[in-house]
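# Residue-level structural notes
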Amino acid sequence: MIYKDCKIDAHERKSTIMSENAVSILRVSSIKQQRDGDGIRDQRQGNDAYIRSMGYRLFKEFELAETSDMGKARLQFMEAINFCIKNKKQVQVVVINRVDRFSRGGQHEYYTFKAILNQHGIRLESAKEKIDDTPSGELMECILASAARFDNRRRTETTTSV
């Protein structure tokens, strides 16, 4: 048996065969977010715990500190996406902390991100939200993306009208 020489027991052999590689993407769009509960450190802890609980291997982590303004180039974000596509044979899943980290620009932005990954056989999973492929899971995903956009627009409206 091939594993005998490697001295891997049956449990380790199963996890070695079944394990998938994950890319973790952490994102903040303000200094306040960096300091508060949605900061990079907290997102990292959440993503790492999720990756371990799913039996994935962390392949690469990206820290994105950028704005979600549609008019500005999101270079760091595109670098992360391009890395996943370039390494699609080694990357099976991208883990984000929560849907709202990538949907402030609206549902279209989030679903475009997800569709690009799906076209290359890469899944998108949220560490904090249990979204699945059921009708209820799809509805929850849509609601989360819409709520993030609403919250972002409401805050912008409040800030600019003062």
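The following refers to the structure shown. Fair warning: this is a prediction, and the values are worked out from it, not measured in the lab.

### A look at the overall build of the chain
For the chain, the count of helices and strands is six helices and four strands. Written out in order from the N terminus, the α and β elements of the chain read α-β-α-α-β-α-β-α-β-α. Relative to its full complement of 162 residues, the chain shows a buried share of 36%. For the chain, restricting intrachain contacts to residue pairs at least 6 apart in sequence, the fraction spanning at least 24 positions comes to 73%. Approximately 10,100 Å² of the chain is accessible, and the part contributed by carbon and sulfur atoms is 55%.

### Let's talk about the layout of surface pockets
By volume, the largest pocket is sized at about 340 Å³. In terms of lining, the largest pocket is formed by 16 residues, of which the most central are Leu124, Glu125, Ile131, Asp132 and Asp133. At the level of elements, helix H5 (107-119), strand S4 (123-126) and helix H6 (135-160) are the ones that each hand at least two residues to the lining of the largest pocket. In terms of residue count, S4 provides more of the lining of the largest pocket than any other element does, four residues in total. When grouped by side-chain class, the residues that make up the lining of the largest pocket number five nonpolar, two polar and nine charged.

### Structural notes on the packing of aromatic side chains
A complete count under the given rule lists five aromatic pairs for this structure. Ring centres of Tyr50 and Tyr56 lie 6.4 Å apart, and the angle between their planes is 70°; this geometry places the pair in the edge-to-face category. Tyr50 sits in the buried class, given a relative accessible area of 10%. With 6.1 Å between their ring centres and 40° between their planes, Phe59 and Phe83 make a pair best called tilted.

### Re the nonpolar core
Core analysis: the biggest nonpolar cluster contains 19 residues, and Ile25, Val94, Ile96, Phe102, Phe113 and Leu117 have the highest contact counts within it. Once residues lying within four places of it in the same chain are set aside, the contact partners of Phe113 are Ile25, Phe77, Ile81, Val94, Ile96, Phe102 and Leu124.

### A word on the side chain of Ser24
The residue Ser24 is located in strand S1 (residues 21-28) in this model. At a separation of 2.9 Å, a polar atom in the side chain of Ser24 contacts the side chain of Asn47. Discounting chain neighbours no more than four positions away, the residues touching Ser24 are Asn47, Ile51, Leu58, Lys60, Glu61, Phe62 and Val95.

### Topic: the pattern of salt bridges
In this structure the tally under the stated criterion is seven salt bridges. Between Arg123 and Glu20 there is a salt bridge whose closest N-O contact spans 2.8 Å. Taken together, the residues span a long stretch of sequence, with Arg123 in strand S4 and Glu20 in the loop between helix H1 (10-18) and S1 at a distance of 103 residues. Residue classification places Arg123 among the partly exposed positions, given a relative accessible area of 32%. Close ionic contact of Glu61 with Arg44 constitutes a salt bridge, the shortest N to O distance being 2.8 Å. Note that Glu61 is positioned in strand S2 (residues 57-65) and Arg44 in helix H3 (residues 40-54), a separation of 17 residues in sequence.

### A look at helix H4 (residues 75-86)
Across its 12 residues, H4 extends 16 Å between first and last C-alpha, which sits within 8% of the 16 Å expected from 1.5 Å per residue. Looking at the buried positions of H4, the neighbouring elements they touch are S1, S2, strand S3 (93-96) and H5.

### Some points on the environment of Thr134
Mapped onto the elements, Thr134 comes out in the loop between S4 and H6. On the basis of relative accessible area, Thr134 is assigned to the partly exposed category, the value being 37%. A distance of 2.5 Å separates a polar atom in the side chain of Thr134 from a polar atom in the side chain of Asp132.

Calculation rules
Residues numbered from 1 in each chain as written. Predicted model: local features only at pLDDT ≥ 70, side-chain atom pairs only at ≥ 80, totals over all residues. Heavy atoms only, no water. Helix = DSSP H or I, 4+ residues; strand = E, 2+ residues; numbered from the N terminus. Buried < 20%, exposed > 50% of the residue type's maximum accessible area, 1.4 Å probe, protein only. Contact = heavy atoms within 4.5 Å. Areas by Shrake-Rupley, 256 points an atom, 1.4 Å probe, with all protein chains shown as cover. 1 Å grid on protein atoms, 1.4 Å probe; cavity = no way out; pocket = protein on both sides within 12 Å on 5 of 7 lines; lining within 4 Å. Points joined across faces, edges and corners; volume = space filled by probe spheres on them. Nonpolar A, V, L, I, M, F, W, Y, C, P; charged D, E, K, R; others polar. Phe/Tyr/Trp six-rings, centres within 6.5 Å; stacked < 30°, edge-to-face > 60°. Core = buried A, V, L, I, M, F, W, Y, C linked by side-chain atoms within 4.5 Å. Polar contact = N/O pair within 3.5 Å; in protein donor to acceptor, adjacent residues only side chain to side chain. Salt bridge = Lys/Arg side-chain N within 4 Å of Asp/Glu carboxyl O. Expected span 1.5 Å × (residues − 1).

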